[in-house]
Amino acid sequence: MMNDNTPKRAQFATRLGVVAVTVGSAVGLGNIWRFPYEAGANGGAAFMLLNLLFVFLIGVPVMCAEFVIGRHTGTNVRAAFRKLSPGGGWGFIGYIGILSSVLILSFYSVVAGWTMEYIFRSVSGAAGGASPEALHSQFDAFAASNWRPAMWTVLFLLCNYAILSRGVEKGIEKVSNVLMPLLFAILIAFCIHSLFMPGAADGLKFLFRPDFSHISGRVVLSAMGQAFFSLSLGLGCLITYSSYFSRRTPLMKTAFLTASLDSFVAILAGVIIFPAVFTYGQQPEAGPKLVFEVLPAIFSEMTGGAVWSTLFFLLLFLASLTSTISMSEISIAWFCDDLHMSRRGATRLNIGIAMVFGVVCALSFGCLSDFTVCGLTVFNLFDYVSSNILLPVGGMAISIFAGWVLRRSVVSGELNPTSRAGRVLVGVLVFCMRYVAPVCILAVFLAGIGVIRF
Ligand code: PFF
């Protein structure tokens, strides 16, 4: 029934390419910046275990749902739901996805721009020898300096443009094939270095020895939100990417591999950061500043600190880039497929919109810090609306759609189990799509908007 438009549609060329782009989308600031500070603030190991539970209980089924929808329809997120259920009223999921992707791209590019500033500082030796207090105020002064963060945001988005305008196979896939192995190599080098630090034992104890007294309703909810954000779920990013998968791509294997590698990178980030935090007497509960204030303080005391610092922020920059190109592709695919724009024109439009909103987000730490909506600056508003409202609503709708609206034969046909164990697994995944994921996500959403309290 489907795939009538496949001859002209781009496809990722290789199996390795599929894994590189999907893992590239998942691994980003969410793993290396957000996971360590969330784990640090929420009791370490207990948070990590909960997060892993959600990744496999909800993340993998929702990811499979996105893969099934994307590959079966071979089109963008908005058209996919119309094609599968004409007149069914499910098209709203596509619009939610497109809106979320623009909001996330805007504030995410600001943080990615900060990593460029820190690469620049590391290379120029600007942070060398500064005290932790000086580094704190340097970060605050930089974030509030208006033109500089805005400039990095624009530059970061231009890097996205350079890759995206080349297209799916020549741009996204080629770049991911090179960047992802590089990223893993840098991560492993950092890990080995951290394991030899004097505070390694304390850091690892913090990360791996669970203390369940830290678990509260709020911690459970953050662990689930983290799973969604980190796996790029709920906005149709993986629907869009899987529309470029070939029929031979094994969806269940790709989902399990992506979820495992994504969790592995988050754990590696913890193994890198916590031994350093304990070695240099810093606080694991430092919050979002952990990476931008605490780590530079640590690097400035380390031998060869400038090199480590450059490498670390380069890693963060590369990880951000492979994630933002996947967010952009959501709207670009829509502009190309439905509005019949050229690839270049669609990319220009997407990046242009993100630049306008991105600069506003960057300025919300400076001259626009007093401009608030419902008490939130533009940066915080975009983050709050996308992570706490749009992603949960989108994820729940996608899961319900795949579990209840899509014919079971379509789901099994796409997941294509080849053994008895595979067929059982499909049954378990469908059960999770129908019941487990919607119920859990509803709980997160209601708690996120403050309707229920645990
Ligand atoms: N998964 C990315 C990260 O962990 O940084 C963030 C992300 C990418 C969210 C792509 C949404 C998305 F569509």
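Residues numbered from 1 in each chain as written. Predicted model: local features only at pLDDT ≥ 70, side-chain atom pairs only at ≥ 80, totals over all residues. Heavy atoms only, no water.

**Student:** Please clarify how the overall build of the protein chain should be interpreted in this entry.
**Tutor:** Looking only at helices and strands, the protein chain features 18 helices and two strands. The globule rule puts the C-alpha radius of gyration for 454 residues at 22 Å, and the 21 Å found for the protein chain is close to it. Dimensions of the protein chain, computed from the C-alpha atoms along their principal axes, are close to 65 × 50 × 45 Å. Of all 454 residues assigned to the protein chain, the portion counted as buried reaches 60%. Long-range contacts, defined as pairs at least 24 residues apart, comprise 83% of the intrachain contacts of the protein chain with a sequence gap of at least 6. Taking the average location of the 29 positive side-chain charges in the protein chain and that of its 20 negative ones, the two points are 13 Å from each other. (Helix = DSSP H or I, 4+ residues; strand = E, 2+ residues; numbered from the N terminus. Rg over C-alpha atoms; globule rule 2.2 N^0.38 Å. Buried < 20%, exposed > 50% of the residue type's maximum accessible area, 1.4 Å probe, protein only. Contact = heavy atoms within 4.5 Å. Lys, Arg positive; Asp, Glu negative; His and termini not counted. Charge placed at Lys NZ, Arg CZ, Asp CG, Glu CD.)

**Student:** Would you mind showing me how to read the site of the ligand here?
**Tutor:** By nearness alone, 15 residues border the ligand, and Ala26, Gly30, Tyr108, Phe229 and Ser230 come closest of all. One of the backbone N or O atoms of Leu29 is found 3.1 Å from an oxygen atom in the ligand. Burial of the ligand by the surrounding chains reaches 100%, relative to a free accessible area of 340 Å². Counting atoms within 2 Å of the grid points, the majority share of the ligand lands in the largest cavity. Elements represented by at least two residues in the shell around the ligand include exactly α1 (15–26), α2 (29–41), α10 (217–230) and α14 (305–337). Tallied by class, the residues present in the shell around the ligand amount to seven nonpolar, eight polar and no charged. (Near = heavy atom within 4 Å. Polar contact = N/O pair within 3.5 Å; in protein donor to acceptor, adjacent residues only side chain to side chain. Areas by Shrake-Rupley, 256 points an atom, 1.4 Å probe, with all protein chains shown as cover. 1 Å grid on protein atoms, 1.4 Å probe; cavity = no way out; pocket = protein on both sides within 12 Å on 5 of 7 lines; lining within 4 Å. Sits in = over half its atoms within 2 Å of the grid points. Nonpolar A, V, L, I, M, F, W, Y, C, P; charged D, E, K, R; others polar.)

**Student:** Looking at this model, I keep getting lost on the pattern of salt bridges. Mind explaining?
**Tutor:** Side chains carrying opposite charge are able to pair once their charged atoms draw close together. Scanning the model with the defined rule gives six salt bridges in all. Notably, a salt bridge pairs Glu117 with Arg148, separated by 2.7 Å at the nearest N-O pair. Residue Glu117 is located in helix α5 (residues 92–124), and its partner Arg148 is located in helix α7 (residues 147–164); the two are separated by 31 residues in the primary sequence. Sharing partners across several salt bridges, the network here consists of Arg71, Arg247 and Glu414. (Salt bridge = Lys/Arg side-chain N within 4 Å of Asp/Glu carboxyl O.)

**Student:** I keep staring at helix α15 (residues 343–363) and nothing clicks. Help me out?
**Tutor:** The periodicity of an α-helix, 3.6 residues per turn, causes residues three or four places apart in sequence to face the same way. The end-to-end C-alpha separation of α15 is 30 Å, in line with the 30 Å expected for 21 residues at 1.5 Å each. Residues of α15 that are buried include every one of Arg343, Ala346, Thr347, Asn350, Ile351, Ala354, Met355, Gly358, Cys361, Ala362 and Leu363, and no others. Where α15 is buried, its residues touch α5, α6 (132–143), α7, α8 (168–195), α14 and α16 (378–405). (Expected span 1.5 Å × (residues − 1).)

**Student:** Sorry if this is basic, but what is going on with helix α13 (residues 290–301) here?
**Tutor:** Helix length check: α13, at 12 residues, gives a terminal C-alpha distance of 16 Å against a target of 16 Å (1.5 Å per residue), a fit within 8%. Summarising burial for α13: 10 of the 12 residues are buried, a large majority. Within the span of α13, buried status applies to Leu290, Val291, Phe292, Glu293, Val294, Leu295, Pro296, Ala297, Ile298 and Phe299. In this structure, the buried residues of α13 make contact with α2, α5, α6, α8, α12 (251–279) and α14.

**Student:** How should I be thinking about empty space enclosed by the protein in this particular structure?
**Tutor:** Think of a ball as big as a water molecule: rolled over the atoms, this probe shows where empty space is left. Scanning the model with the defined rule gives three cavities of 30 Å³ or more in all. In this structure, the largest cavity encloses a volume near 150 Å³. If you go around the largest cavity, you meet 19 residues; those closest to its centre are Ser25, Tyr108, Phe229, Ser232 and Met327. Its residues assigned to classes, the lining of the largest cavity comprises 11 nonpolar, eight polar and no charged. Estimates place the volume of the second largest cavity at around 70 Å³. Considering the residues around the second largest cavity, the lining is formed by Phe190, His193, Ser194, Met197, Ile272, Ile273, Ala276, Leu295, Ile298, Phe299, Met302 and Phe312. Put simply, the parts of the chain that give the lining of the second largest cavity at least two residues each are α8, α12 and α13. Of the residues assigned to the lining of the second largest cavity, the class counts are 10 nonpolar, two polar and no charged. (Points joined across faces, edges and corners; volume = space filled by probe spheres on them.)

**Student:** How should I be thinking about the side chain of Thr249 in this particular structure?
**Tutor:** Within the element layout of this structure, Thr249 appears in the loop between α11 (237–242) and α12. By relative accessible area, which is 4% here, Thr249 ends up buried. Sequence-distant contacts of Thr249, defined by excluding residues within four places in its chain, comprise Val18, Arg71 and Thr254.

**Student:** How do you make sense of the packing of α2 against α13 when you look at a structure like this?
**Tutor:** For any two helices packed against each other, the geometry comes down to the angle between their axes and how far apart the axes lie. As a packed pair, α2 and α13 sit with axes 10 Å apart at the nearest point and diverge in direction by 85°. Compared by their axis directions, α2 and α13 come out roughly perpendicular. Contact with α2, carried on its side by Ile32, Trp33, Pro36 and Tyr37, involves Leu290, Val291 and Phe292 of α13 and no other residues of that element. When its residues are assigned to classes, the contact of α2 with α13 shows seven nonpolar, no polar and no charged. (Axes fitted to C-alpha atoms, helices over the stretch in contact; angles between N-to-C directions. Parallel < 35°, antiparallel > 145°, perpendicular 65-115°, else oblique.)

**Student:** Can you walk me through the layout of surface pockets in this structure?
**Tutor:** As a volume, the largest pocket reaches approximately 940 Å³. Forming the walls of the largest pocket are 36 residues, and the residues nearest its centre are Arg34, Tyr37, Glu38, Asp383 and Asn388. Listed by contribution, the elements that provide at least two residues to the lining of the largest pocket are α2, α5, α6, α10, β2 (376–377), α16 and α18 (420–448). Per-class residue counts for the lining of the largest pocket are 21 nonpolar, nine polar and six charged.

**Student:** Sorry if this is basic, but what is going on with the confidence of the model for the protein chain here?
**Tutor:** Do not read the fine detail of predicted coordinates wherever pLDDT is low. Looking at the protein chain as a whole, its pLDDT mean stands at 89, while 97% of the residues score no less than 70. Contacts for the low-pLDDT stretch residues 1–7, under 50 throughout, to residues beyond four places or in other chains number 15 contacts. (pLDDT = per-residue confidence, 0-100.)

**Student:** Just to check I follow, could you spell out unusual backbone geometry for this structure?
**Tutor:** Only a minority of non-glycine residues have a phi that is not negative, and only a minority of peptide bonds are not trans. Backbone geometry places Asn146, a non-glycine residue, at a positive phi of 65°. One can find Asn146 in the loop between α6 and α7. At Ser232, a residue that is not glycine, the phi angle is positive and equals roughly 60°. By secondary structure assignment, the location of Ser232 is in the loop between α10 and α11. Ser232 gets classed as buried once you look at its relative accessible area, which sits at 10%.

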